[in-house]
Amino acid sequence: MMELSRDEFEDLVAEALDTIPPDLTAHMRNVVIVVEDDAPERGLLGLYQGVPLTERGDWYGAVLPDHISIYRTEILRICDTREDVVEEVRITVVHEIAHHFGIDDGKLHELGY
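From a predicted model like this one, the values you see are computed outputs, not experimental measurements.

## A few points about the overall build of the chain
Stage number 1. Helix and strand content of the chain: 5 helices and 3 strands.
Stage number 2. Listing the helices and strands of the chain from first to last along the sequence gives α-α-β-β-β-α-α-α.
Stage number 3. Dimensions of the chain, computed from the C-alpha atoms along their principal axes, are close to 45 × 30 × 25 Å.
Stage number 4. Residue burial in the chain is summarised as follows: out of 113 residues, 36% are buried.

## Considering the nonpolar core
Across soluble globular proteins, nonpolar side chains show a tendency to be buried alongside one another.
Stage number 1. Ranked by size, the top nonpolar core spans 21 residues in total, and within it F9, I75, V85 and V89 carry the most contacts.
Stage number 2. Secondary structure elements with two or more residues in this core: α1 (6–18), β3 (66–71), α3 (72–78) and α4 (82–100).
Stage number 3. When residues of this core are assigned to their parent elements, the largest contribution, 5 residues, is made by α4.
Stage number 4. The residues touching F9, leaving out its near neighbours within four places in the chain, are L4, V35, I70, Y71, R72, I75, L76, V85 and V89.

## Some thoughts on the sheet that holds strand β2 (residues 46–49)
Stage number 1. Here we have 3 strands laid out as an open sheet, ordered β1-β3-β2, and mixed in their pairing. The outermost strands of the open sheet, each flanked by one partner alone, are β1 (31–36) and β2. Averaged over all pairs of adjacent strands, the angle between their axes in this sheet comes to 15 degrees, without regard to strand direction.
Stage number 2. Pairing geometry for β1 and β3, over 6 bridges, is parallel. Looking at the pairing, V31 lines up with D66 of β3.
Stage number 3. Set on the sheet, α1 makes contact with β1 and β3; between it and β1 the angle comes to about 145 degrees.

## Let's talk about the pattern of salt bridges
Close approach of charged atoms allows side chains with opposite charge to pair.
Stage number 1. Inspection of every chain in the model, using the stated rule, returns 7 salt bridges.
Stage number 2. For R6, the salt bridge goes to E10, with nearest N and O atoms at 3.0 Å. With R6 and E10 both in helix α1, this residue pair falls 4 residues apart, about one helical turn.
Stage number 3. The partly exposed category is assigned to R6, whose relative accessible area is 31%.
Stage number 4. Here R90 makes a salt bridge to E87, at a shortest N to O gap of 2.7 Å. Here R90 pairs with E87, and both are found in helix α4, just 3 residues apart, close to one helical turn.
Stage number 5. Take R90: its relative accessible area is 26%, and that puts it in the partly exposed class.
Stage number 6. In this structure E87 comes out as partly exposed when scored by relative accessible area, which is 37%.
Stage number 7. Connected through shared salt-bridge partners, R6, E10, D37 and R72 make up one network.

Basis of the calculations
Counting from 1, residues in each chain are numbered in the order their sequence is written. Note on the predicted model: pLDDT of at least 70 is required for a residue's local features to be given, and 80 or more for side-chain atom pairs to be given and counted; whole-chain, interface and lining totals, by contrast, use all residues. Hydrogens are left out, water is left out, and the side-chain values use all remaining heavy atoms of the structure. Each helix corresponds to a stretch of at least 4 residues labelled H or I by DSSP, and each strand to a stretch of at least 2 residues labelled E; elements are numbered beginning at the N terminus. In this scheme, a residue with accessible area under 20% of its type's maximum is buried, one over 50% is exposed, and one in between is partly exposed, where area comes from a 1.4 Å probe on protein chains only. Working definition of a nonpolar core: buried Ala, Val, Leu, Ile, Met, Phe, Trp, Tyr and Cys residues. They are joined through side-chain atoms within 4.5 Å. We call two residues contacting when some pair of their heavy atoms lies within 4.5 Å. Strand pairing is assigned whenever DSSP detects at least two bridges linking the two strands. A fitted line through C-alpha atoms represents every axis, and for helices the fit uses only the stretch in contact; the resulting angles, taken between N-to-C directions, go from 0 to 180 degrees. Any carboxyl oxygen of Asp or Glu within 4 Å of a side-chain nitrogen of Lys or Arg constitutes a salt bridge here.

Next comes the structure, spelled out in structure tokens:
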């Protein structure tokens, strides 16, 4: 298991977010991304909770932000090197943001995420 401080890990998440094309981030609405130390279940690296953009209609308003969690301990547990952590954080961030855009797990796995 890799060891990385919370600050270092949060920096990696920020760097991964910076790789998302501005054309996409401009469309992200009402979403918060947080780093959490522990996942609710073993093996869960990230979690999207909310209403994907593709499912929002006229009814959508005055709702709490969508919530993307990136789970530090679980990612560190499966990585052997810092480079592994950087790559896994990037993949996890992209994966969870894709859910915000309405892309399901099946399509993400086809795309390598």
